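# Working through the structure, step by step
Each chain is listed here by its residues.
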Amino acid sequence: TVTLRSTDTASPRGGYHYPGQMTFRGVAEKPEFTRITSTLSKTELCVGETADFSYGLLMSDGYELIAHALATGEADPEVQVSFESSNTGVFTIDAKGKIRSVAPGEAQINVTATVTGVTKTAAVPLTVNNKVLDRVELALDREELSVTQKAKVLVRAYLNDGSEFSSDDLVIEL
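A brief structural summary.

Here is what the cut-offs are and how they apply
- Residues numbered from 1 in each chain as written.
- Predicted model: local features only at pLDDT ≥ 70, side-chain atom pairs only at ≥ 80, totals over all residues.
- Heavy atoms only, no water.
- Salt bridge = Lys/Arg side-chain N within 4 Å of Asp/Glu carboxyl O.
- Buried < 20%, exposed > 50% of the residue type's maximum accessible area, 1.4 Å probe, protein only.
- Core = buried A, V, L, I, M, F, W, Y, C linked by side-chain atoms within 4.5 Å.
- Helix = DSSP H or I, 4+ residues; strand = E, 2+ residues; numbered from the N terminus.
- Contact = heavy atoms within 4.5 Å.
- Pairing = 2+ DSSP bridges.
- Axes fitted to C-alpha atoms, helices over the stretch in contact; angles between N-to-C directions.
- Polar contact = N/O pair within 3.5 Å; in protein donor to acceptor, adjacent residues only side chain to side chain.

Turning next to the pattern of salt bridges. Close approach of charged atoms allows side chains of opposite charge to pair. Evaluated as defined, the whole model comprises seven salt bridges. In this structure, the salt-bridge partner of K42 is E49, at a minimum N-O distance of 2.6 Å. K42 sits in the partly exposed class, given a relative accessible area of 34%. Across the salt bridge formed by K98 and D52, the nearest N and O atoms sit 2.9 Å from each other.

If you want it as C-alpha cells, here you go:
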C-alpha cells in the first residue's frame, strides 16, 4: 500500500478540489482483458453520410482500458488495436474511427485488440441504405417578424422512401 498526501488544502469557496490524501493498494491478481466494447454514433447511414466509431477494452475488474500513446509519444507496447471495414465498397473507416458511407449494403467493422498478450475480436454491424433527401419544408410560427423578435422554425425533411424527420426546436431572431 502506498499513501500520497498533498501539501495544499482544498478551497472552501468552490473551484477545483483535490483530495488531501490518495491511497493505492495492490491487487491479488492482475486483471485480464475480457472483451472489446464499441460505440457507433449511428448504426444506419445514408450514402455519403459519416459516423464516428469508438471502442473500449474491458478488463476483468470492470475497468475500461483506454488505449493511447505513452508520455514519450510512443504507442503502448502492451496494447495493440486495429479496426477495418469488412467491405470498403460499403463504407470506409480511418485510423481515428471516422466512417464514410460509400454505397448501399451491409458490412461490419472488424476490431482486433491485444492487451498483454491476450487477443480478442469483435464485429460491429453497420448498414448503408439508399435513402436520399427528397425535399425540405420550413415553416415559421408567425407570419411577420420584426427586429429583435424571435420565431420558432419547424423543419421537415422527407426522404425518397417516404420517411419524415422533423425538428421544432430551432429559433431565429432578427
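Moving on from the coordinates now.
What follows deals with the nonpolar core. F33, L40, F53, L57, F91, I99 and I109 are the most contacted members of the largest nonpolar core, which has 22 residues in total. Contributing elements (two or more residues each) for this core: strand 3 (33-40), strand 5 (50-59), strand 7 (79-85), strand 8 (91-93), strand 10 (105-115) and strand 11 (118-129). Of all the elements, strand 10 adds the most residues to this core, at five residues. Setting aside residues up to four positions removed in sequence, I99 forms contacts with L40, L45, E49, T50, A51, F53, F91, T92, I93, I109 and L126.

Quick look at the sheet that holds strand 7 now. Strand order in the open sheet formed by four strands is 4-11-10-7, and the pairing between neighbours is mixed. The open sheet terminates on both sides in strands that have one partner only, identified here as strand 4 (44-46) and strand 7. Direction aside, the axes of adjacent strands within the sheet are offset by 25 degrees on average. Judged from the seven bridges that link them, strand 7 and strand 10 form a sheet pairing that is antiparallel. If you follow F83 over to strand 10, its bridge partner there is V111.

Its place among the elements puts D52 in strand 5. Sequence separation of D52 and R100 is 48 residues, and the distance between their C-alpha atoms is 9.0 Å. Apart from the residues lying within four places of it in its own chain, the contact partners of D52 are T39, L40, S41, G97 and K98. Reaching out from D52, the side chain makes a polar contact with the side chain of K98 at a distance of 2.9 Å.

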